[in-house]
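# Secondary and tertiary structure notes
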Amino acid sequence: MKADRSQLERVILNLAVNAREAMPQGGKLIIEAADVELDETSQTLHPCDAPGPYVMLKVTDTGCGMDAELQSHIFEPFFTTKEQGTGLGLATVYGVVKQSGGYISVESETGKGTTFRIYLPRVSQAAGKINQIVPSRKNIAENRTVLLVEDEPALRKLTRKTLLDAGFTVLEAKDALEAIEIAKQTAAHIDLLLTDVIMPGMSGRALAEALSSHRPDMRVIYMSGYSDGVIARHGVVEAELTILRKPFSRDALMRSVEDVAIGV
């Protein structure tokens with residue numbers, strides 16, 4: 001299987017988070033993997049455009065399930081069953097799978113749980129040595145502080161770990177209001193605000209503006225999986241600001257953070 005490791009981790013975490021929310025009283029989450037052969041008649045792909053060997057990742061939960069109408073919308077970027085939220089979790093999963101040349105299908109029934117099947121092309125050559133990301137300016141990074149603001153817990157956890165591994169000090173918040181409180185209570189210099197653009201309540205751009213009067217030297221990177229038109233309505237224009245597009249790899253994250261927080 002040929003896929004970006006960090007993005008595949010996001011896929012599994014997003015599906016696990018959705019499964020957890022579908023099982024508020026508890027249940028079972030089963031993750032399986034298997035080699036499969038797909039052809040033009042494979043019904044799960046509706047139909048298969050590229051027959052051949054695949055690796056199937058199967059994620060099953062025993063939660064509340066979904067009816068047919070709900071299933072028809074789950075991969076849409078702006079669709080969510082939550083009162084607050086972006087609905088980007090499954091849209092991100094879909095985007096990662098497609099970028100990897102794969103397919104995703106869902107089987108569900110109200111009250112009987114949900115099964116996602118992801119098919120990624122299988123490769124025959126052995127995997128090459130994976131070079132661990134070691135930022136060239138780690139000693140400098142150890143003197144830098146990042147305020148990370150992301151309302152998706154799984155992505156926030158992965159991003160925080162990547163930054164900590166690179167040597168940064170990380171302050172994390174689940175939304176703009178919490179970020180403002182952290183900034184008020186933190187006496188140390190904050191070098192970088194790494195924030196989602198569209199969040200419940202205050203947007204990332206509004207957050208940056210709210211903090212700018214007290215921390216004028218703090219630099220900003222915006223994260224978003226939405227289109228240019230959507231984020232522009234929230235005051236973020238790519239030509240003027242630094243935007244990290246979701247889903248992003250560890251390499252992309254570190255390049256952006258090093259260039260902005262540390263400087264070229």
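Below you will find a few notes about this structure.

Each value, and the rule that gives it
- Residues numbered from 1 in each chain as written.
- Predicted model: local features only at pLDDT ≥ 70, side-chain atom pairs only at ≥ 80, totals over all residues.
- Heavy atoms only, no water.
- Buried < 20%, exposed > 50% of the residue type's maximum accessible area, 1.4 Å probe, protein only.
- Helix = DSSP H or I, 4+ residues; strand = E, 2+ residues; numbered from the N terminus.
- Arc of directions from axis to C-beta.
- Contact = heavy atoms within 4.5 Å.
- Pairing = 2+ DSSP bridges.
- Core = buried A, V, L, I, M, F, W, Y, C linked by side-chain atoms within 4.5 Å.
- Axes fitted to C-alpha atoms, helices over the stretch in contact; angles between N-to-C directions.
- Salt bridge = Lys/Arg side-chain N within 4 Å of Asp/Glu carboxyl O.

### So, helix α7 (residues 204–212)
- Those residues of α7 that sit buried are Gly204, Leu207, Ala208 and Leu211. Along the axis of α7, the buried residues cluster in a sector spanning 100°; they form a single face.
- Of the surrounding secondary structure, the elements contacted by the buried residues of α7 are β5 (145–149), α6 (176–185), β7 (192–196) and β8 (219–224).

### Re the pairing of strand β2 (residues 52–61)
- With respect to burial, β2 is a largely interior element, nine of its ten residues being buried.
- The sheet contact formed by strand β1 (residues 29–38) and β2 spans ten bridges and is antiparallel. Along β2, the bridge assignment pairs leucine 29 with aspartate 61.
- Where β2 lies against strand β4 (residues 114–121), eight bridges are found, and the strand directions are antiparallel. The residue bridging leucine 57 from the neighbouring strand is isoleucine 118, located in β4.

### A look at the nonpolar core
- Within the largest apolar cluster, 23 residues are counted, with the highest numbers of intra-cluster contacts made by Leu147, Val149, Ala179, Ile190, Leu193, Leu207 and Leu211.
- Residue assignment for this core shows that the elements contributing at least two residues are β5, β6 (169–173), α6 and α7.
- By residue number, the principal contributor to this core is α6, which donates five residues.
- Those residues in contact with alanine 179 that lie beyond four places of it in its chain are Leu147, Val149, Ala173 and Leu207.
- Listed in part, the 19 residues of the second largest apolar core include Val146, Phe168, Ala252 and Met254.

### What about the sheet that holds β6?
- Spatial strand order, β6-β5-β7-β8-β9: five strands in an open sheet with parallel pairing. Two strands in the sheet have a free side with no partner beyond their single neighbour: β6 and β9 (243–245). Neighbour-to-neighbour, the strand axes of this sheet turn through a mean angle of 20°, independent of strand direction.
- For β5 and β7, the ladder comprises four bridges, and the chain directions are parallel. Paired with valine 146 across the two strands is leucine 192, which belongs to β7.
- Across the sheet, α6 is in contact with β5 and β6; its angle to β6 comes to roughly 135°.

### Comments concerning the pattern of salt bridges
- One pass over the full model with this rule turns up 15 salt bridges.
- Here lysine 112 ties to glutamate 109 by a salt bridge, and the two come within 3.6 Å at their closest N and O atoms.
- Judged by its relative accessible area of 43%, glutamate 109 falls in the partly exposed class.
- With a shortest N-O distance of 4.0 Å, arginine 144 and aspartate 191 are connected by a salt bridge. Taken together, the positions of arginine 144 in the loop between α4 (138–141) and β5 and aspartate 191 in the loop between α6 and β7 put the pair 47 residues apart, joining distant regions of the chain.
- Judged by its relative accessible area of 21%, arginine 144 is partly exposed.

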